[in-house]
Amino acid sequence: LVSDDIVVGIIKQRIKQDDCRLGFVLDGFPRTLAQAKALDSVLVEGGECVTKVLALEVPDSELEVRICGRWVHKNSGRSYHVKFAPPKSMELDKEGKPGPESMKDDETGEPLMQRADDTSTALVKRLEGYHRETVPILDYYSSKGVVKKINANQEPKAVSIQVQEALLK
């Protein structure tokens, strides 16, 4: 992992670019309260501040469905999902779960794979980290009145509309 100082330094340099003069979006940063405070310090130096934080809210149980159902064809990057976009070859086992041996790319017939962090075990750790490290950022920025909560547990088009509305307010 890259240290917070390096990441904040990269962001500091990047936001000085001409294409950021009217604003910019950071996706997935900050992830910790220390990073949020470091970002705020950098912005204050330039006479700026965080004006919006969008919190895309999805229940943990739904995240498990979305994340643990992802499969990818390594060579092409084609992605599949057991619920939303299953490969034609998918067969379910006795427990109703896809048999890994049946997960094949539609175009090549080659085996699909799951990323190591897309498993139930890894997701539990990822969510623990999120609740421990990232949720406090929402409290921090809520006290500044800039957090906009988005119900991301709905169709993508509805989420997109809510995001656009939040950005325009």
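About the thresholds
Position labels on residues start from 1 in each chain and follow its written sequence. Residues qualify for local features only when their pLDDT is at least 70, as the model is predicted, and side-chain atom pairs are given and counted only at 80 or more; totals for whole chains, interfaces and linings, by contrast, use all residues. Excluded from the side-chain calculations are hydrogens and water; all other atoms, namely the structure's heavy atoms, are used. Between N-to-C directions, angles cover 0 to 180 degrees, with each direction set by a line fitted to C-alpha atoms, over the stretch in contact for helices. Helix and strand assignments follow DSSP, with helices taken as H or I runs no shorter than four residues and strands as E runs no shorter than two, numbered in order from the N terminus. With the far helix as reference, a near helix turned anticlockwise by less than a right angle produces a left-handed crossing, and one turned clockwise produces a right-handed crossing. Any two residues whose heavy atoms approach within 4.5 Å are treated as being in contact. Three categories are distinguished: nonpolar for Ala, Val, Leu, Ile, Met, Phe, Trp, Tyr, Cys and Pro, charged for Asp, Glu, Lys and Arg, and polar for the others, with Gly belonging to the last. Every angle not falling under 35 degrees, over 145, or within 65 to 115 is termed oblique; those three ranges are roughly parallel, roughly antiparallel and roughly perpendicular. Each Phe, Tyr or Trp ring, with Trp reduced to its six-membered ring, pairs with another whose centre is within 6.5 Å; inter-plane angles below 30 degrees give stacked pairs, above 60 give edge-to-face pairs, and intermediate values give tilted ones. Partly exposed residues are those whose accessible area sits between 20% and 50% of the maximum for their type, while under 20% is buried and over 50% is exposed, using a 1.4 Å probe and protein chains only. Among buried residues, those of type Ala, Val, Leu, Ile, Met, Phe, Trp, Tyr and Cys that are joined through side-chain atoms within 4.5 Å constitute a nonpolar core.

Draft legend 1. Looking closely at the packing of helix H1 (residues 4–14) against helix H2 (residues 33–45). Relative to each other, H1 and H2 sit at 35°, their axes nearing to 10 Å. Regarding H1 and H2, the two cross each other, and that crossing is right-handed. The segment H1 lies against H2, with Asp4, Val8, Ile11 and Lys12 engaging Ala34, Gln35, Ala38, Leu39, Val42 and Glu45. Here the residues of the contact of H1 with H2 sort into 6 nonpolar, 1 polar and 3 charged.

Draft legend 2. The arrangement of the packing of helix H3 (residues 60–68) against helix H4 (residues 120–142) in detail. Packing of H3 against H4 brings their axes to within 11 Å, and their N-to-C directions diverge by 135°. With respect to their mutual orientation, H3 and H4 come out oblique. In the crossing of H3 with H4, the sense of the turn from one axis to the other is right-handed. Only Ser120, Leu123, Arg126, Leu127 and His131 of H4 make contact with H3, whose side of the interface consists of Asp60, Leu63, Glu64, Ile67 and Cys68. For the contact of H3 with H4, the per-class residue count stands at 5 nonpolar, 2 polar and 3 charged.

Draft legend 3. Broad picture of the packing of aromatic side chains. Within the structure shown, the criterion is met by 1 aromatic pair. Taken together, a centroid distance of 4.9 Å and an interplanar angle of 70° make the contact between Tyr140 and Tyr141 edge-to-face. Neither residue differs from the other here; Tyr140 and Tyr141 are each classed as buried.

Draft legend 4. Quick look at the nonpolar core. If you look at the biggest cluster of nonpolar residues, it comprises 17 residues, and the most contacted ones within it are Leu39, Val50, Val53, Tyr141 and Val147. Elements with a contribution of two residues or more to this core: H1, H2, strand E1 (53–57) and H4. Ignoring any residue separated from it by four or fewer positions in sequence, one finds Val53 in contact with Leu138, Tyr141, Val146, Val147 and Lys148. Membership of the second largest hydrophobic core comes to 5 residues, among which are Val58, Ile150, Ala152 and Ala166.

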